[in-house]
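Understanding the architecture of this molecule
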Amino acid sequence: MMPPEDPERETRPPETPAELPHDRLLDEQAGPMVRPYVMTSGRLEPTRGKFDLITLVVAIGVNPEGEVGLGPEHLAILRLCQSVMSVAELTGHLNLPVATVRVMLGDLLDKGFITMQEPEPEADMHDIRLYKAVIDGLRAL
Amino acid sequence: MVSGPSSRDMNGRKLPTAVKIVIAGGFGVGKTTMVGTVSETQPLRTEEILTDESIGVDDISGVERKDTTTVAMDFGRITMRDEYVLYLFGTPGQERFWFMWDEVALGALGAVVLADTRRLADCFPSVDYFERRGTPFIVAVNCFEGARRYDLEEIEMALNLGPKVPVMLCDARSLESCKKVLIKMVLHAMKSRGLSPENAAAPQSSGV
C-alpha cells in the first residue's frame, strides 16, 4: 500500500533537508546529542504511526535505491526489517534512541517501505487464545 | 477479539502480534538475569536519551551544564507458536524514570516484581506502581546464594500485599524456575481479567 506521492518531496534535493530550523542543528552546547536529531532532521515525532516499543515492523518489497530523503539509518532499518522485528529490537540493533528510530520508521511507513502490526490494546486483553499461546510457548522453552 | 487491521508481509503472511511482560524490581535484583535466562536471542538494550527537560526538572534556565541521561532497558524475545511474539522488558532501575515505566507497562500482559530478601523494601516502589496502575503482577523472590532463606509466609507477611497477589520463590538463573514464575504470572493475569485459568492451564492436548 503506497501512500500518495508528494511531488515536492520527490523533487527536493537531498542536501537541502526540509523542515529544519538550522539554528537547532547547530547548537554548540548539544555535543553528542546532535547526531540522532540530525538523522531525523530535527524532528521529534514520527509523521505517522505511534510505534510502540513492541509494534512489529517488516519491510515490504519496494526497492529503496535512489529514493530521495532516505539516509543510511533508514536503509539500515530496512535491512533489519527483512524479517519481522519490534521497534525495541531495531533500537537495540542500531544502538539508536527510540525516539530517533520512531521518526525514521514514520518516514519509511510514509513512503510505503514497511508495514507494521500494532500490539493489542490493554483493554482488549480478554482473548483466552492469547494467554493459552503464551503459556504453551513458555512451557516449550 | 478487537484488533486493528492485520498487516501482511511480502508473502502475504499475517504479521504476528507482540505481547509483553514487564520484569520490575530494585537495582541489582536479577531483572536482567531473568530476561537473559528466558530470551531466545541475546538480550538487547534499548536506550532513551533524556535531557533535564524530559525528566521534569522545574527550571533549567541559566544552568550551564548540559545534563543528559541515558535510560536503558533490557529486553528479550520469545517466539510463540501461532501468531504471537512475547517480549520481556526489564524496567529501568531508578525510580525517577517513572515515565519510561508508563510506556513499558502500557499494554503489558502483566508484571513480575523481583524481590531480594536482603533488601525487601527495594521492591515496594514497583509493587505500588503496578497496584496503582492496575497491572496484574506477582512477586518472585530471587533466592541469592548466601542470602538467608526465609519461609514464604514470612516474606508474604513482610511484603504485606493483598491476599490476591501471588508470591513465590525463584532462581533467576534457572530456566525452569523462570518458566514457573512467568506461567504463574500469566495465570494470575487471566484471573485478574476475569478469565478462567483452568482452560488455558491444561497441558496442550491433541487438536486443541
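Everything here concerns the structure above.
Our subject in this report is the structure included herewith. (Residues numbered from 1 in each chain as written. Chains lettered and ligands numbered in written order. Predicted model: local features only at pLDDT ≥ 70, side-chain atom pairs only at ≥ 80, totals over all residues. Heavy atoms only, no water.)

1. Here we look at the overall build of chain A
Inclusion rule: Secondary structure elements follow DSSP: runs of H or I no shorter than four residues count as helices, runs of E no shorter than two count as strands, and numbering proceeds from the N terminus. Only protein chains enter the area calculation, which uses a 1.4 Å probe; residues under 20% of their type maximum are buried, those over 50% are exposed, and those in between are partly exposed. Contacts are residue-level and defined by heavy atoms, with any inter-residue pair within 4.5 Å sufficient. Only the protein chains shown count as covering a residue, and every accessible area follows the Shrake-Rupley method with a 1.4 Å probe.
Looking only at helices and strands, chain A features seven helices and three strands. Secondary structure of chain A in N-to-C order comes out as α-α-α-β-α-β-α-α-β-α. Of all 141 residues assigned to chain A, the portion counted as buried reaches 51%. Taking the intrachain contacts of chain A between residues at least 6 apart in sequence as the baseline, contacts between residues at least 24 apart amount to 75%. By element, 57% of the accessible surface of chain A is carried by carbon and sulfur atoms, the whole surface being about 7000 Å².

2. Some details on unusual backbone geometry
All names here are of chain A. Even without being a glycine, F51 presents a positive backbone phi close to 55 degrees. Mapping F51 onto the fold places it in the loop between α3 (34-39) and β1 (56-59). Within the chain, N95 stands out as a residue other than glycine whose phi angle is a positive 55 degrees. Mapped onto the elements of the fold, N95 is located in the loop between α5 (87-94) and α6 (98-110). Using a relative accessible area of 58% as the deciding quantity, one classes N95 as exposed.

3. Some points on the environment of L90 of chain A
All names here are of chain A. With respect to the element layout, L90 can be found in helix α5. C-alpha separation for the pair L90 and V57, spaced 33 residues apart in sequence, amounts to 9.2 Å. Setting aside residues up to four positions removed in sequence, L90 forms contacts with I77, L80, C81, M85, V101 and L105.

4. Digging into the pattern of salt bridges
It is possible for side chains bearing opposite charge to pair when their charged atoms get close. Residues and elements named next belong to chain A. Quick note on the threshold: Any carboxyl oxygen of Asp or Glu that lies within 4 Å of a side-chain nitrogen of Lys or Arg is treated as forming a salt bridge with it.
Enumeration over the complete set of coordinates arrives at 12 salt bridges over all chains. For K132, the salt bridge goes to D136, with nearest N and O atoms at 4.0 Å. Of this pair, K132 and D136 are both found in helix α7 (residues 128-139), four residues apart, which corresponds to roughly one turn of the helix. Taking relative accessible area as the criterion, K132 reaches 15% and is therefore assigned buried. Judged by relative accessible area, which is 10%, D136 ranks as buried.

5. Regarding the environment of G26 of chain B
Residues and elements named next belong to chain B. Take G26: it is sitting in the loop between β1 (17-25) and α1 (31-38). Exposure remark for G26: the relative accessible area of 8% places this residue in the buried category. A sequence separation of 12 residues divides G26 from V38, and the C-alpha atoms of the two residues are 20 Å apart. Not counting residues within four places of it along the chain, the set of residues in contact with G26 comprises K31, L114 and D122.

6. Comments concerning the sheet that holds strand β2 (residues 85-86) of chain A
Residue and element names in this part refer to chain A. Our working rule: Only strands that DSSP links by at least two bridges are regarded as paired with each other. The convention used is that axes are lines fitted to C-alpha atoms, helices contributing only their stretch in contact, and that angles between N-to-C directions extend from 0 to 180 degrees.
Reading across from one edge, β2-β1-β3 is the order of the three strands in this open sheet, with antiparallel pairing throughout. Each of the sheet's edge strands pairs with one partner strand only, and the pair in question is β2 and β3 (114-117). Note that β1 and β3 share four bridges and pair antiparallel. Bridged to V58 within β3 is T115. With respect to the sheet, α6 is in contact with β1 and β3, its orientation differing from that of β3 by roughly 115 degrees.

7. Quick notes on the side chain of K179 of chain B
Residue and element names in this part refer to chain B. Selection rule: We call two N or O atoms a polar contact when they sit within 3.5 Å, provided that within protein one can donate a hydrogen and the other can accept it, with sequence-adjacent residues counted only if both atoms are side-chain atoms.
Within the fold, K179 resides in helix α5 (residues 175-192). Of the residues examined, K179 reaches a relative accessible area of 7% and is grouped as buried. A polar contact is formed between the side chain of K179 and the side chain of E176, at a distance of 3.3 Å.

8. Quick notes on the interface of chain A and chain B
For the record, the criterion: Here the quantity called buried area is the total loss of accessible area, with a 1.4 Å probe, experienced by two parts when brought into contact, counted for both.
Taken residue by residue, the interface counts 51 residues in chain A and 65 residues in chain B. Here chain A packs against chain B, burying approximately 5100 Å² in sum over the two surfaces, 64% of which is carbon and sulfur. Taken together, chain A and chain B are joined by three salt bridges. Note that E103 of chain B and R102 of chain A form a salt bridge whose closest N and O atoms lie 2.3 Å from each other.

9. Topic: the nonpolar core
Basically, it comes down to this: Side-chain atoms within 4.5 Å are what join buried Ala, Val, Leu, Ile, Met, Phe, Trp, Tyr and Cys residues into a set we call a nonpolar core.
In terms of nonpolar packing, the biggest core is built from 62 residues, with I77 and L105 of chain A together with F89, F130 and V139 of chain B touching the most fellow members. Broken down by element, this core gets its largest block of residues, six residues, from α6 of chain A. Core analysis: the next-biggest nonpolar cluster, separate from the first, contains 36 residues, I21, Y84, L86 and L114 of chain B among them.

10. A few points about the packing of helix α4 (residues 72-80) of chain A against α5 of chain A
Residues and elements named next belong to chain A. Quick note on the threshold: Orientation labels follow simple angle bins: below 35 degrees gives roughly parallel, above 145 gives roughly antiparallel, 65 to 115 gives roughly perpendicular, and whatever is left gives oblique. Handedness of a helix crossing follows the sense of rotation of the near helix relative to the far helix, less than a right angle counterclockwise being left-handed and clockwise being right-handed. In this classification, Asp, Glu, Lys and Arg are treated as charged, Ala, Val, Leu, Ile, Met, Phe, Trp, Tyr, Cys and Pro as nonpolar, and every other residue, Gly included, as polar.
Two elements in contact, α4 and α5, have axes whose closest approach is 11 Å; the angle formed by their N-to-C orientations is 120 degrees. By the criterion of interaxial angle, the relationship of α4 to α5 is oblique. Crossing hand, α4 versus α5: right-handed. Residues A76, I77 and L80 of α4 touch α5, and the partners they reach there are L90, H93 and L94. In terms of residue class, the contact of α4 with α5 is built from five nonpolar, one polar and no charged.

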